[in-house]
Amino acid sequence: MLPRPDDPTVSPERATALIERSFPALAPVRLEHLGRGWDHDVLLVNGAWVFRFPRNGMAALALQTELAVMPWLAPRLPLPIPVPVFEGVFDETAGTHFVGHRLIPGKTVIDTGLGPEARAALGPALGRFTRALHSLRATDAPHALPPDVIGRMDLAKRMPITQERLASLRRDGVLPEDTATRLLRLIEEPWTPLAREALVLVHADMHGRNLLVGADGALSGVIDWVDLHEGDPAVDLATAFEVLPPSAREAFFREYGGVDAGALVRARWRAITHMTAALVGSMERGDEGFVRSARGALLEMAVG
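Residues numbered from 1 in each chain as written. Predicted model: local features only at pLDDT ≥ 70, side-chain atom pairs only at ≥ 80, totals over all residues. Heavy atoms only, no water.

**Q** Explain the pattern of salt bridges to me, and be specific about the residues and the numbers.
**A** Under the definition given, this model contains 13 salt bridges. With its nearest N and O atoms 2.8 Å apart, the salt bridge here joins R209 to D287. Taken as a pair, R209 in the loop between strand 7 (200–202) and strand 8 (211–213) and D287 in the loop between helix 11 (261–285) and helix 12 (288–303) lie far apart in primary sequence, 78 residues in all. Note on R209: relative accessible area 21%, which makes it partly exposed. (Salt bridge = Lys/Arg side-chain N within 4 Å of Asp/Glu carboxyl O. Helix = DSSP H or I, 4+ residues; strand = E, 2+ residues; numbered from the N terminus. Buried < 20%, exposed > 50% of the residue type's maximum accessible area, 1.4 Å probe, protein only.)

Right, dumping it as structure tokens:
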């Protein structure tokens, strides 16, 4: 079951006490709630630091990878990413940790409500960032990367779930009948899983809630690396379909360095399965911003 928006892992009072006790230099702590997602409660501390408290066991385990890998990864990428500066113990019995990093200025693509033209302008920079990330070898990372434990590109697992969800969204009128029908046909286009040696370092969740945009309208950072692993590059290439309008995808892939037809099919398949899941989950959670973004992405994928 997904955590609900009104079900915090840690209360503001407890978060304040934990941070002040662990890091006295930050006292007195001024808290501002930034967000509550599938993986973390996110708090702004003293207007300058972002603290994340894991909401589930998988996110708690992923923090250990972040602590080891993010300082190595950050200088190798063309956009800012969160680098943990503070590490505290959230649950001593379970050994669960929480982390704090410097605030990266900007608002998420979803929260800014960017229109098609403004989103299109993000394409080249997003393509360059994705290329830089995928050029890194997982074997060079200072910490072993986890496998893709949830099977993002698992055809046998994801296909029937997505087909059922799309049929339900069509039946309930959330998606127009022609849109759902078109998406169902698109995910049936055959593709072959990549060989192990072709896998790359992937962010795995580059949707509009994890991409930051500055006051100038340009990308200013990429956040939420809880899903970092070695996987099919299509998992990240899906961002071209999830975030950008059809007119901007060519520029994205040109800056990325080009992809073959198979990669495009896999990226679109991932985007449809991902955004369908995001739409259903966001509706359950009452996240109206993500509902609009996921539904909009599915509508755009159905036409181009």
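Next, the rest of the story.
**Q** Quick rundown of the sheet that holds strand 9 (residues 219–222)? Include the residues and the values.
**A** In space, the 3 strands of this open sheet follow the order 6-8-9, with antiparallel pairing throughout. Taken across any chain shown, the strands that pair with only one partner, and hence form the sheet edges, are strand 6 (107–108) and strand 9. As defined by bridge partners, strand 6 adjoins strand 8 across 2 bridges and the pair is classed as antiparallel. Bridged to K107 within strand 8 is V213. (Pairing = 2+ DSSP bridges.)

**Q** Go over the nonpolar core with me, naming the residues and quoting the values.
**A** One finds L73, L77, I81, L183, L201, W225 and M301 to be the most contacted residues of the largest nonpolar core, which totals 70 residues. Looking at which element gives the most residues to this core, the answer is helix 11, with 9 residues. Contact partners of L73, with chain neighbours within four places excluded, come to I81, L133, L136, L201 and W225. Residues A15, F23, V45 and F53 belong to the second largest nonpolar core, which totals 15 residues. (Core = buried A, V, L, I, M, F, W, Y, C linked by side-chain atoms within 4.5 Å. Contact = heavy atoms within 4.5 Å.)

**Q** Explain the environment of R295 to me, using residue names and the numbers behind them.
**A** Tracing the backbone shows R295 in helix 12. Taking the C-alpha atoms as reference, R295 lies 14 Å from D178; in sequence the two are 117 residues apart. Setting aside anything within four residues of it in sequence, one finds R295 in contact with V174, L175, P176 and L279. At 2.6 Å, the side chain of R295 and the backbone oxygen of V174 are in polar contact. (Polar contact = N/O pair within 3.5 Å; in protein donor to acceptor, adjacent residues only side chain to side chain.)

**Q** An account of the layout of surface pockets is requested, with residue identities and associated values reported.
**A** Quantified by volume, the second largest pocket comes out at close to 240 Å³. Surrounding the second largest pocket, 14 residues form its lining, I110, L114, R119, R292 and S293 being those nearest its centre. Every element with two or more residues in the lining of the second largest pocket is listed here: helix 3 (109–112) and helix 12. Per element, the largest residue contribution to the lining of the second largest pocket is 6 residues, and it comes from helix 12. (1 Å grid on protein atoms, 1.4 Å probe; cavity = no way out; pocket = protein on both sides within 12 Å on 5 of 7 lines; lining within 4 Å. Points joined across faces, edges and corners; volume = space filled by probe spheres on them.)

**Q** Lay out the pairing of strand 1 (residues 31–36) in plain terms, naming residues and giving numbers.
**A** Sheet topology note: the strand 1/strand 2 (residues 40–45) ladder contains 5 bridges and is antiparallel. Bridge assignment links L31 to a residue of strand 2, and that residue is V45. A loop of 3 residues connects strand 1 with strand 2, the two strands running antiparallel in sequence.

**Q** Can you break down the sheet that holds strand 5 (residues 96–102) residue by residue, with the values?
**A** Read across the sheet, 5 strands follow the order 1-2-3-5-4 without closing on themselves; strand pairing throughout is antiparallel. Of all the strands in the sheet, the pair left with one neighbour each is strand 1 and strand 4 (86–91). Here the average twist between neighbouring strands, direction ignored, is 25 degrees. Where strand 2 and strand 3 (residues 49–54) come together, 6 bridges link them in antiparallel fashion. If you follow D41 over to strand 3, its bridge partner there is F53. (Axes fitted to C-alpha atoms, helices over the stretch in contact; angles between N-to-C directions.)

**Q** Describe unusual backbone geometry, with residues and values.
**A** Backbone torsion omega between A27 and P28 reads 0 degrees, so that peptide bond is classified as cis. Relative to the helices and strands, P28 resides in the loop between helix 1 (12–22) and strand 1. The phi angle at N46 is positive, at roughly 55 degrees, despite the residue not being glycine. Structurally, the position occupied by N46 is in the loop between strand 2 and strand 3. Owing to a relative accessible area of 19%, N46 belongs among the buried residues under this scheme.

**Q** Account for the environment of R128, with residues named and values stated.
**A** Its location among the elements puts R128 in helix 5 (residues 123–134). Considering only alpha carbons, one finds R128 and E255, 127 residues apart in sequence, at a separation of 5.5 Å. The contact partners of R128, leaving out residues within four places of it in the chain, are P78 and E255. Of the polar contacts made by the side chain of R128, one reaches the side chain of E255; its length is 3.4 Å.

**Q** Mind laying out helix 12, listing which residues take part and the relevant values?
**A** The α-helix winds at 3.6 residues per turn, so residues separated by three or four positions along the chain end up facing the same way. With 16 residues, helix 12 should reach 22 Å at 1.5 Å per residue; the first-to-last C-alpha distance of 23 Å fits that figure. Along helix 12, the residues classified as buried are G289, F290, V291, A294, A297, L298, E300, M301 and A302. Summarising the contacts, the buried residues of helix 12 are in contact with helix 3, helix 4 (116–120), helix 7 (177–187), helix 9 (239–242), helix 10 (249–256) and helix 11. (Expected span 1.5 Å × (residues − 1).)

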